[in-house]
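# What the coordinates show
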Amino acid sequence: MLEEGDDLYPKEVKIRSYKPSKGVHIGQLKKANSLLSQAKKPLFLMGGGVNISGANEEAKKLAELTQVPVITTIMGKGALPTNHELYIGNVGMHGCYAANHAISECDLLFSIGTRFNDRITGKIDEFAKNAKIVHIDIDAASISRNIQVDIPIVADAKEAMTALLKDAIKPNLIQTLEHTPAIVHGGPFANIAHGCNSVRATKMALKMADYVITEAGQHQMWVTQYLEMDENKKLLTSGGLGTMGYGLPAAIGAKFGYPDTPVICVSGDGGVQMNIQELATATAYGLPVILCIFNNSYLGMVRQWQQLFYGKRYSSTCTRRRKSCSATCKGPGEQCPKYQPDFVKLAESYEAYGMRIEKEEDIKKAFEFAKEHPDAPTILEFMIDSDELVLPMVQGGQALDCMILDC
């Protein structure tokens, strides 16, 4: 512990278990390109590897050259601007209606920089069951681990797409985006929420900052559903790791790195308390991070599962529960104890600013309040309905096109 180390970052990292592939197997790439040229309903699935490798421009060029629609994982969001005509939306457990159906209907799934985790695939046997699958990933261990693929290509996403662009051929498409059900965000069923307070608060928050950070939970899914991204908008989220407590420290780090850039953290009332003490750090350094807390008095994502799949047998998810509460409580009511803590007072105790928002018409005023205080962090506590759900939703183990659209 007392030994001195070199502060110069090495040009090459030499770790026995870390041997990323360099270069692209041209033969495999030609096979993939051949499949692409023959496909009638091809689809690009782009994951976090595209963003990590900085291949956003290549992704856009590839989509435009081939005119193939693009869907993304949560970590891949932003690989293509969300307002691009070829972008459909996120895929997976809380993906949009159109993207989930697109995977089920495609005849070629050209996936780049994703590991096919269970939040993306749904029921393995039903995942892209009508499609040939090309899988480009820098980690050989990720290929054919969860999903058996037809053409594996171990390569960096940017290098692979750069090589593919040299001779990519426009496929023999029989579909256009107009024929894709509920394109982009929607149609009538995608991204439904029963109440609009959380939705409006989310949309407003996402417009206020260039860097958007989330905790883990329902609010995280709302952000990934509604966030409009281009080259100037960045999303920092821990994906499917479930790291409650990630948001506020990550937002502080983003603000240190980009002090002149607006930074917003969206959190739930449960997750934010994992590292709420970092408000002291933000205050000490005068960092005007805006912390949006969606307070539904529950650990919302777990509660959603208990509501939908466990007969409303709520256990260890109500943050207002006390010893005196009934063991068979089915939800909040007038008899419920007062919520603890008072986040506005908590903010003030850290010499930060705080405001509670209980009416939709006060949402805009809340963000104006935050912008008026550039010398310290601001907590905006949005009181939302306890029974709001993140929809669409694919139950674990079900096929992607078997979505819960309403309750």
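Note: the structure precedes this text.
Residues numbered from 1 in each chain as written. Predicted model: local features only at pLDDT ≥ 70, side-chain atom pairs only at ≥ 80, totals over all residues. Heavy atoms only, no water.

## A closer look at the overall build of the protein
Regarding its fold elements, the protein presents 13 helices and 14 strands. Taken over C-alpha atoms, the radius of gyration comes to 23 Å for the protein, in line with the 22 Å a tight globule of 407 residues would show. Across its three principal directions, the C-alpha atoms of the protein cover 65 × 60 × 40 Å. Taking all 407 residues of the protein together, 52% fall into the buried category. As displayed, the protein has an accessible area near 19,700 Å², and 51% of this comes from carbon and sulfur atoms. Taken together, the 42 basic and 46 acidic charged side chains of the protein have centroids lying 5 Å from each other. (Helix = DSSP H or I, 4+ residues; strand = E, 2+ residues; numbered from the N terminus. Rg over C-alpha atoms; globule rule 2.2 N^0.38 Å. Buried < 20%, exposed > 50% of the residue type's maximum accessible area, 1.4 Å probe, protein only. Areas by Shrake-Rupley, 256 points an atom, 1.4 Å probe, with all protein chains shown as cover. Lys, Arg positive; Asp, Glu negative; His and termini not counted. Charge placed at Lys NZ, Arg CZ, Asp CG, Glu CD.)

## Remarks on the packing of helix H3 (residues 56-66) against helix H6 (residues 157-167)
For the pair H3 and H6, the least separation of the axes is 9 Å and the interaxial angle reads 35°. Our pair here, H3 against H6, has a crossing hand that is left-handed. From H3, Glu58, Ala59, Lys61, Leu62 and Leu65 reach across to H6, where they touch Lys158, Met161, Thr162, Leu164 and Leu165. Within the contact of H3 with H6, the residues separate by chemical class into six nonpolar, one polar and three charged. (Axes fitted to C-alpha atoms, helices over the stretch in contact; angles between N-to-C directions. Left-handed = near helix turned anticlockwise from the far one by under 90°. Contact = heavy atoms within 4.5 Å. Nonpolar A, V, L, I, M, F, W, Y, C, P; charged D, E, K, R; others polar.)

## Focus on the state of the cysteines
Disulfides are covalent bonds that connect the sulfur atoms of two cysteines. The final tally for this structure, using the stated rule, is zero disulfides. For the unlinked cysteine Cys265, the closest cysteine sulfur is that of Cys292, found at 8.0 Å. (Disulfide = S-S within 2.5 Å.)

## Concerning a nonpolar patch on the surface
Where nonpolar side chains cluster on the molecular surface, the patch consists of Tyr9, Val13, Ile15 and Tyr18 and spans about 470 Å² of accessible area. Within the fold, Tyr9 resides in the segment before helix H1 (26-38). A relative accessible area of 72% places Tyr9 in the exposed class. (Patch = residues over 30% accessible without salt bridge, like charges linked within 9 Å, V, L, I, M, F, W, Y side chains within 5 Å. Salt bridge = Lys/Arg side-chain N within 4 Å of Asp/Glu carboxyl O.)

## Quick notes on the pairing of strand S7 (residues 211-214)
Because side chains alternate across S7, one face comprises the buried residues Tyr211 and Ile213, and the other comprises Val212 and Thr214, equally buried. When S7 meets strand S9 (residues 263-268), the two strands line up parallel, connected through four bridges. In the sheet register, Val212 faces S9, and the bridge partner there is Ile264. (Pairing = 2+ DSSP bridges.)

## What about the environment of Ala347?
Tracing the sequence through the fold places Ala347 in helix H12 (residues 343-349). When the C-alpha atoms of Ala347 and Asn51 are compared, they prove to be 34 Å apart, with 296 residues separating the residues in sequence. Apart from the residues lying within four places of it in its own chain, the contact partners of Ala347 are Ala352, Tyr353, Gly354 and Ile379.

## Here's the deal with the packing of aromatic side chains
Enumeration over the complete set of coordinates arrives at ten aromatic pairs. With 5.4 Å between their ring centres and 65° between their planes, Phe44 and Phe110 make a pair best called edge-to-face. A residue pair is termed long-range when its members are at least 10 positions apart, and Phe44 in strand S1 (residues 42-46) and Phe110 in strand S4 (residues 108-112) qualify at 66 residues. A relative accessible area of 0% means that Phe44 is categorised as buried. (Phe/Tyr/Trp six-rings, centres within 6.5 Å; stacked < 30°, edge-to-face > 60°.)

## A word on the pattern of salt bridges
For the structure on display, the rule yields four salt bridges. Here Arg356 makes a salt bridge to Asp342, at a shortest N to O gap of 2.8 Å. With Arg356 in strand S11 (residues 353-357) and Asp342 in the loop between helix H11 (300-309) and H12, this residue pair connects regions lying 14 residues apart in the sequence. Owing to a relative accessible area of 33%, Arg356 belongs among the partly exposed residues under this scheme. On the basis of relative accessible area, Asp342 is assigned to the partly exposed category, the value being 22%. With its nearest N and O atoms 3.5 Å apart, the salt bridge here joins Asp362 to Lys365.

## Quick look at unusual backbone geometry
A cis geometry characterises the amide bond from Gln340 onward to Pro341, with omega recorded as 0°. Here Pro341 is to be found in the loop between H11 and H12. That bond from Leu391 to Pro392 is cis: its omega, 0°, falls within 30 degrees of zero. Inspection of the secondary structure puts Pro392 in the loop between strand S12 (378-383) and strand S13 (393-394). Although it is not a glycine, Gln67 sits at a positive phi angle of roughly 60°. For Ala128, which is not glycine, the phi dihedral falls at a positive 45°. With respect to the helices and strands, Ala128 occurs in the loop between helix H5 (118-121) and strand S5 (132-137).

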